Amino acid sequence: QVQLVESGGGLVQAGGSLRLSCVVSGPTANRAAMAWFRQAPGKEREFVASISWTVGGTAYADSVKGRFTISRNNANTVTLQMTSLKPEDTGVYYCAGRQYGTTWSRPDYWGQGTQVTVSA
């Protein structure tokens, strides 16, 4: 089974930085892209950033553009560098993956999530 494991979450003051990592284990056949989503209590999960696994093209939500950077560290790790953090960035951050032929509306794989808390 494909497994995604996130790490790097924590508590940080506004204006600070955190770096999240997602390690993929198990079969990765047909993997097309990886992404980060986040969810605050009482809200739907929202898209944060994505990266094409073969080409490397990236996309960002407008709310994080210029502050967050998604990248591939190696063959099985995706990272999210977060800078200039704001209290509204608080939430559980999830790593996700999708295969060819699918969309981010229905990711094929989800991680367990890692909590990010930004204090004012």
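These numbers were taken from a predicted model, which means no experiment stands behind them. (Residues numbered from 1 in each chain as written. Predicted model: local features only at pLDDT ≥ 70, side-chain atom pairs only at ≥ 80, totals over all residues. Heavy atoms only, no water.)

Given two aromatic rings, one states the distance between the centres and the angle between the planes to describe the pair. What the rule picks out here adds up to four aromatic pairs. Centroid distance F37 to F47: 5.8 Å. Interplanar angle 80 degrees. Geometry classified as edge-to-face. Of the two residues, F37 is situated in strand β4 (residues 31-39) and F47 in strand β5 (residues 46-52); the sequence distance between them amounts to ten residues. Using a relative accessible area of 6% as the deciding quantity, one classes F37 as buried. Clustering of aromatic rings is evident, with ring pairs tying together F37, F47, Y94, W104 and W110. Positioned over the ring face of Y94 is R45, at 3.6 Å from the centre of the ring. Looking at R72, its charged tip hangs above the ring of W53, at a distance of 5.7 Å from the centre. (Phe/Tyr/Trp six-rings, centres within 6.5 Å; stacked < 30°, edge-to-face > 60°. Helix = DSSP H or I, 4+ residues; strand = E, 2+ residues; numbered from the N terminus. Buried < 20%, exposed > 50% of the residue type's maximum accessible area, 1.4 Å probe, protein only. Lys NZ or Arg CZ within 6 Å of the ring centre and 35° of its normal.)

A few words now on empty space enclosed by the protein. A water-sized probe rolled over the atoms picks out the places where empty space is left. Tallied over the full model, the rule gives one cavity of 30 Å³ or more. Taken as a whole, the largest cavity encloses approximately 50 Å³ of empty space. Lining the largest cavity are eleven residues, and of these V2, V24, T28, R31 and Y109 sit closest to its centre. Taken together, the elements giving at least two residues each to the lining of the largest cavity come down to β4 and β9 (91-99). (1 Å grid on protein atoms, 1.4 Å probe; cavity = no way out; pocket = protein on both sides within 12 Å on 5 of 7 lines; lining within 4 Å. Points joined across faces, edges and corners; volume = space filled by probe spheres on them.)

Moving on, we come to the layout of surface pockets. Quantified by volume, the largest pocket comes out at close to 190 Å³. What lines the largest pocket is a set of 13 residues, among which R38, K43, E46, E88 and T90 lie closest to the centre. Partitioning the lining of the largest pocket into residue classes produces two nonpolar, three polar and eight charged. (Nonpolar A, V, L, I, M, F, W, Y, C, P; charged D, E, K, R; others polar.)

The next thing to look at is the sheet that holds strand β7 (residues 68-74). With antiparallel pairing, the four strands of this open sheet are ordered in space as β1-β3-β8-β7. Each having just a single partner strand, β1 (3-7) and β7 make up the two edges of the open sheet. Within the sheet, the average angular offset between the axes of one strand and its neighbour, ignoring direction, is 20 degrees. As paired elements, β1 and strand β3 (residues 18-25) share five bridges and run antiparallel to each other. The residue bridging L4 from the neighbouring strand is V24, located in β3. (Pairing = 2+ DSSP bridges. Axes fitted to C-alpha atoms, helices over the stretch in contact; angles between N-to-C directions.)

Enumeration over the complete set of coordinates arrives at four salt bridges. The closest approach of N and O atoms between E46 and R38, which form a salt bridge, is 2.7 Å. R38 sits in the buried class, given a relative accessible area of 6%. Measuring nitrogen to oxygen at the nearest pair gives 3.4 Å for the salt bridge that ties D62 to K65. For the pair shown, D62 and K65 are each scored as exposed. In the salt-bridge network here, residues are joined through shared partners; they are R38, E46, R67 and D89. (Salt bridge = Lys/Arg side-chain N within 4 Å of Asp/Glu carboxyl O.)

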